[in-house]
Structure formats: structure tokens, C-alpha cells
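# Observations on chain architecture
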Amino acid sequence: MNNKEKWTFRIVTLVYCLYMHYYGGPFYFMILNVFLAYIPIEISFHLNINNGWKFWLLAAFWLLFYPNAPYLLTDFIHLVHLPIYDGYSIEISKNMNYWWDYSLMGLGIIGFTIVGMDSINTISRQLLYKFKGWQVITFQIIVQFLSSLAIYVGRFDRLHSVYIFAEPVNTIKLIFFTWSQNKIQFILIMTFLQIGLFYFINFVRKNTKKNLSTNN
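Residues numbered from 1 in each chain as written. Predicted model: local features only at pLDDT ≥ 70, side-chain atom pairs only at ≥ 80, totals over all residues. Heavy atoms only, no water.

Okay, the overall build of the protein chain next. Helix and strand counts for the protein chain stand at 9 helices and 0 strands. Helices (α) and strands (β) of the protein chain occur, in sequence order from the N terminus, as α-α-α-α-α-α-α-α-α. Computed over its C-alpha atoms, the radius of gyration of the protein chain comes to 19 Å, within 12% of the 17 Å expected for a compact globule of 216 residues. Along the first, second and third principal axes, the C-alpha set of the protein chain runs to 55 × 55 × 30 Å. Split into buried and exposed, the 216 residues of the protein chain put 41% on the buried side. Sequence separation of 24 or more characterises 73% of the internal contacts of the protein chain that already satisfy a separation of 6 or more. Carbon and sulfur atoms form 68% of the exposed surface of the protein chain, whose accessible area is close to 13500 Å². (Helix = DSSP H or I, 4+ residues; strand = E, 2+ residues; numbered from the N terminus. Rg over C-alpha atoms; globule rule 2.2 N^0.38 Å. Buried < 20%, exposed > 50% of the residue type's maximum accessible area, 1.4 Å probe, protein only. Contact = heavy atoms within 4.5 Å. Areas by Shrake-Rupley, 256 points an atom, 1.4 Å probe, with all protein chains shown as cover.)

Structural data, given as C-alpha cells:
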């Protein structure tokens, strides 16, 4: 991403959050969720492995906030608040206000999830200067597994990234030392979902590059 694209994305994020603040209605919460998902994206803009310890510090913060991007995928559950379809009849609402809310919700979830997950590619390109390909791929899988773990405690235990600073001991205990069958199953499901999405993101990226090189 060049500087123009970065600033365009920042402006788009600001406009989206402002709109949801004033007109978000039942989806007002998307302001916080989108902002949290934006943080790792912004951090990825500044990652440069040649910066030494600064890179590793930023990478640590990126890892801490990264789960907020795929976490957005769980916000689809809130679409139940839109009376578009009652689940019993074949009638679907033609109220365009509901569909506009649906579009805004979907745009925030899909858009920021994709850009957020693509930040794995940003940090991976930097890591390839120091590590082998298979090591970077292992890193990517570990990140997706850890983010699934974070998504679980965020959705079911209601923990946010800031809790690691406010209540570090209790947060670490809840994340890493409290387990259940449902927790394990959820983590595996979300890891599968993230790996699948990450594959499609890279599929589009690679084919776009091929098309551009062919046209040139």
C-alpha cells in the first residue's frame, strides 16, 4: 500500500465510524469493533524489519490487536435484529432501510476483516527476510489459531484486547488456562474459517498480479 492508499483507507475508516455513530442504530457497537480491527491494520503500515527492535515491538502489538479483525466475522449474529426474514414464512422484507443497514453491517465486517487478515501478508513479507518460507507459514497458522482463541474469550467471556493491560493475570488465566470442549471446538472451527479466508485472499492477490503482468 502506498501513502495515498493508506490515507484513503484511514479516511474511509473515519467516515464509516462517524456514520455508524450518528446513524448506526442497533449497530452502533460497530464503531468500537471496526476501530479495534483497524488498529492492527494501521500498525502493519509501519512494519519494517530493518528497524530492529522497533519492528519486533510493533509486531508484538500487531499480534495483540490482530484478533479484532477476524472477530468481526462473529458480528454477523447481530443481523438477527433486522426483521428481514422471520425464518418461518417465504416472505422477505422489501423495506430498503433494513437492507441499507444490512449493507452497512456487511461492509464493515467483510471489508475490515479482509484488510485486517491481509496484514498477515504484510508482516510475513518482512519475516521472509529473516526466516525460511516454511517457518513463516507456520507463523501464519499459529497466528490464526491464537486469534481464534482470542475470539472465543472475546465473544463468550466478553474480553477485549485492552484487558491484557487492565487485568493481565486474570486475562492470561482465562485465555490459556481455562478450557472446555466447546472452547476447543470453537477454536478449531474459527481456525478453519480463517485459514480458508486467508487462502482466498491470497488466491485473489496472486491472480490479480498474474493478470497485471500478462497485460503488461
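There's plenty left to go through after this.
Attention now goes to the confidence of the model for the protein chain. Summarising the model, the protein chain shows a mean pLDDT of 90, and 97% of its residues fall at 70 or more. The weakest mean pLDDT in the protein chain belongs to helix 7 (residues 163-166) at 77; the strongest belongs to helix 4 (residues 68-71) at 96. (pLDDT = per-residue confidence, 0-100.)

Time to look at the nonpolar core. Core analysis: the biggest nonpolar cluster contains 22 residues, and Met 20, Met 30 and Phe 112 have the highest contact counts within it. Those elements that place two or more of their residues in this core are helix 1 (3-23), helix 2 (30-44) and helix 5 (96-127). Per element, the largest residue contribution to this core is 6 residues, and it comes from helix 2. Discounting residues that sit within four places of it in the chain, Met 30 has contacts with Tyr 16, Met 20, Phe 35, Leu 72, Asp 75, Met 105, Gly 108 and Ile 109. Counting residues in hydrophobic clusters, the runner-up holds 18 residues, among them Leu 47, Ile 120, Leu 127 and Phe 198. (Core = buried A, V, L, I, M, F, W, Y, C linked by side-chain atoms within 4.5 Å.)

Below, the discussion takes up the packing of helix 1 against helix 2. Helix-helix packing is characterised by the crossing angle of the two axes and by the distance between the axes. Direction vectors running N to C along helix 1 and helix 2 enclose 165°, while the axes themselves pass 9 Å from each other. Considering their axes alone, helix 1 and helix 2 lie roughly antiparallel with respect to each other. In terms of crossing hand, the pair formed by helix 1 and helix 2 is left-handed. Here Phe 9, Arg 10, Thr 13, Tyr 16, Cys 17, Met 20 and His 21 of helix 1 lie close against helix 2, whose contacting residues are Met 30, Ile 31, Val 34, Tyr 38, Ile 41 and Glu 42. (Axes fitted to C-alpha atoms, helices over the stretch in contact; angles between N-to-C directions. Parallel < 35°, antiparallel > 145°, perpendicular 65-115°, else oblique. Left-handed = near helix turned anticlockwise from the far one by under 90°.)

A few words now on a nonpolar patch on the surface. Taken together, Leu 14, Leu 18, Tyr 22 and Tyr 23 make up a surface patch of nonpolar side chains, about 490 Å² in accessible area. The exposed category is assigned to Tyr 23, whose relative accessible area is 55%. (Patch = residues over 30% accessible without salt bridge, like charges linked within 9 Å, V, L, I, M, F, W, Y side chains within 5 Å. Salt bridge = Lys/Arg side-chain N within 4 Å of Asp/Glu carboxyl O.)

Once that is clear, we can look at the packing of aromatic side chains. With the rule as written, the count across this model stands at 17 aromatic pairs. Here Phe 55 and Trp 56 contribute two aromatic rings whose centre-to-centre distance is 4.9 Å and whose plane-to-plane angle is 80°, an arrangement assigned as edge-to-face. With relative accessibility at 1%, the residue Phe 55 sits in the buried group. Its relative accessible area of 44% is what places Trp 56 among the partly exposed residues. Judged by centre distance (6.1 Å) and plane angle (35°), the rings of Tyr 199 and Phe 203 are tilted. (Phe/Tyr/Trp six-rings, centres within 6.5 Å; stacked < 30°, edge-to-face > 60°.)

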